Amino acid sequence: MVYRRFSIGVAIRLILIILCLYLGLWLYYRQELWLAPAILGLVAFIQIGELIYYVNSVNHKLARFLDSIRYNDFSSSFTSDSQMGGSFREVNVAFNEVMDVFKKTRAEKEEQMLFLQVIIQHINTGIISFNSEGKIGVINNAAKHLLQIPQFRDISDLGKLSTQLLKEVMDMKPGQRISQKVNSNLHLIIQSTSLKMGGQSWTLLSLQNINAELQSNELEAWQNLTKVLRHEIMNSITPISSLVESLRTILDEDSYVQQEGFLIKRDGFQDIQEGLDTIANRSKGLVSFVNAYRDYTNIPLPEKELVNIQGLFEKVLNLMKEDLKANEVEVQSEIQPGTLEIHCDPDQIMMILINLIKNASESLTNQANRIIFLRAISQGDLGSIIQVEDHGPGIVPEALERIFVPFYTTKKTGSGIGLAISRQIMNLHRGSLQVISIPNERTVFTLNFR
């Protein structure tokens with residue numbers, strides 16, 4: 001219909017132009033008039049211009065329509081452009097309908113892109129993409145949290161964390177999977193994929209920290225070992241302890257003096273008594289040691305609830321008030337934000353904090369600056385952390401790798417299970433317990449809650 005109306009419009013305009021020209025020529029040659037033919041010639045000239053504008057109007061509309069598509073500008077409207085008459089109304093309507101389809105399609109794509117970006121930022125797996133020049137395209141929060149590299153804009157910045165890690169990543173082939181231990185708290189599994197987008201080659205890396213899984217496997221191995229040890233030791237120590245107590249009772253109740261003399265010489269009797277006492281004490285010590293194993297292998301599953309950190313800190317510090325006062329240790333607490341809440345088992349987390357604060361307090365015995373910093377910080381989608389920091393002598397690197405191993409201790413009177421139990425509790429919370437120590441500067445234990 002539009003094209004039919006357009007053809008009729010062109011035909012009418014051509015007929016009018018021809019009539020004007022013909023009438024002007026007739027008047028000039030036949031009637032020898034010059035004013036009327038001049039006027040008719042001017043009218044014909046105007047009609048020719050109007051015809052050209054009429055014919056080109058569709059091209060102008062189409063060019064404007066195509067420019068809108070090319071520059072992604074779908075705000076243009078053709079409804080008011082009806083100067084050429086009603087014959088172009090359908091063209092205007094068609095253009096507007098197409099523009100609306102493009103608007104809707106772009107809106108849907110933007111929603112999908114936003115949805116994908118939210119998913120990428122939300123997943124726990126680190127995602128990094130970079131092009132052939134090394135420029136970073138996409139990096140999600142999980143990757144930022146894992147790598148902790150400020151101003152990470154180029155893949156070469158990975159060398160700030162580990163030059164070996166950068167070399168391994170740059171040598172990776174598409175589809176390859178590697179394992180790289182960066183430090184004591186970061187053991188990465190990295191997988192590489194290549195793709196082409198926008199005429200450029202991109203490399204997509206996925207990163208996962210398997211340190212917690214390795215620690216969990218290590219803890220499970222230790223638990224299996226301690227269960228066997230507990231079974232065997234208990235089977236031996238319990239009857240020995242019971243027998244020693246019975247013998248001690250017999251000696252006390254049945255020993256007497258006869259006229260012929262002692263049934264047992266006094267020195268021998270005293271030696272037996274001392275020996276039996278020693279065996280009994282040692283047996284009790286072994287039973288206590290086995291109980292420590294039992295505490296380590298029988299940690300109950302956490303009963304999680306939403307816990308206000310301000311109240312949790314107050315309870316911990318109230319319980320430790322006398323010990324801290326006796327050791328002349330000050331605890332400075334900080335919570336960001338002040339209303340921070342964490343989903344956890346409050347009793348188990350209190351036990352961890354008491355243990356960490358107690359260790360920090362003991363390390364400050366010979367220090368002039370006896371201050372412990374207790375912090376809780378929200379990290380948004382990355383979860384929350386609780387830190388216990390002191391500026392004592394610190395932990396030497398050799399011991400730093402082993403302090404979470406069950407029954408390993410750097411203290412003369414320590415049992416060596418406090419930190420091991422603390423880490424296991426955090427693993428049960430699906431979190432982690434990490435430590436950073438610079439000897440004679442600072443030591444920071446961090447509880448990560450996700």
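Refer to the structure printed above.
Position numbers for residues start from 1 in each chain and track the written sequence from start to end. Only residues with pLDDT of at least 70 get local features here, since the model is predicted, and only at 80 or more are side-chain atom pairs given and counted; chain-wide, interface and lining totals rely on the full set of residues. Side-chain numbers come from the whole structure's heavy atoms, not from hydrogens or water.

Novice: Quick question: what am I supposed to make of helix 5 (residues 163-170) here?
Specialist: An α-helix turns once per 3.6 residues; consequently, residues spaced three or four apart project the same way. Burial classes: relative accessible area under 20% of the type maximum marks a residue as buried, over 50% as exposed, and values in between as partly exposed (1.4 Å probe, protein chains only). To qualify as a helix, a DSSP run of H or I must reach at least 4 residues; to qualify as a strand, a run of E must reach at least 2; elements of each kind are numbered from the N terminus. Those residues of helix 5 not exposed but buried are Leu-165, Leu-166 and Val-169. Seen end-on, helix 5 carries its buried residues on one side only, within an arc spanning 100°. Buried residues along helix 5 sit against strand 3 (177-183), strand 4 (186-197) and strand 5 (200-209). In this context, the arc is that of the directions from the helix axis out to the C-beta atoms. The criterion used for residue contact is that any of the two residues' heavy atoms lie within 4.5 Å.

Novice: So what exactly am I meant to see when it comes to the environment of Glu-401 here?
Specialist: Mapped onto the fold, Glu-401 is located in the loop between helix 11 (397-400) and helix 12 (418-428). If we ignore the near neighbours within four places in the chain, the residues touching Glu-401 are Lys-181 and Ser-184.

Novice: When you look at the nonpolar core in this model, what are you seeing that I'm missing?
Specialist: A general feature of soluble globular proteins is that nonpolar side chains tend to end up buried together. In this structure, Ile-309, Ile-349, Leu-353, Ile-386, Ile-403, Phe-445 and Leu-447 are the most contacted members of the largest nonpolar core, which totals 42 residues. Of all the elements, helix 10 (residues 346-363) adds the most residues to this core, at 7 residues. Think of a nonpolar core as a cluster: buried Ala, Val, Leu, Ile, Met, Phe, Trp, Tyr and Cys residues, connected wherever their side-chain atoms sit within 4.5 Å.

Novice: Honestly, the environment of Leu-14 in this entry has me stumped. Any pointers?
Specialist: Within the secondary structure, Leu-14 sits in helix 1 (residues 2-29). Judged by its relative accessible area of 41%, Leu-14 is partly exposed. In sequence terms Leu-14 and Ile-48 are 34 residues apart; their C-alpha atoms lie 8.1 Å from each other.

Novice: Whenever I open this one, the sheet that holds strand 14 (residues 442-449) confuses me. Can you help?
Specialist: Strands belonging to one sheet form pairs held by backbone hydrogen bonds; the direction of such a pair is parallel or antiparallel. Strand order in the open sheet formed by 5 strands is 9-11-12-14-13, and the pairing between neighbours is mixed. Two strands in the sheet have a free side with no partner beyond their single neighbour: strand 9 (330-336) and strand 13 (432-438). Here the strands of the sheet are splayed against their neighbours by 15° on average, with no regard to which way each runs. Here, strands pair whenever DSSP counts at least two bridges between them. In this structure, strand 11 (residues 371-378) lies alongside strand 12 (residues 384-390), joined through 7 bridges in antiparallel fashion. What counts as an axis is a line fitted to C-alpha atoms, over the stretch in contact for a helix, and the angles between N-to-C directions run from 0 to 180 degrees.

Novice: Teacher, can you tell me more about unusual backbone geometry here?
Specialist: With glycine set apart, most residues show a phi of negative sign, and most peptide bonds adopt trans. Cis geometry is found at the peptide bond from Gln-336 to Pro-337, where omega equals -5°. Relative to the helices and strands, Pro-337 is located in the loop between strand 9 and strand 10 (341-344). If you check the backbone angles, Gln-148 has positive phi at about 55° while not being a glycine. Within the secondary structure, Gln-148 is located in the loop between helix 4 (141-147) and helix 5. Among the residues examined, Gln-148 registers a relative accessible area of 55% and is labelled exposed. Even without a glycine there, the phi angle at Arg-430 is positive, about 60°.

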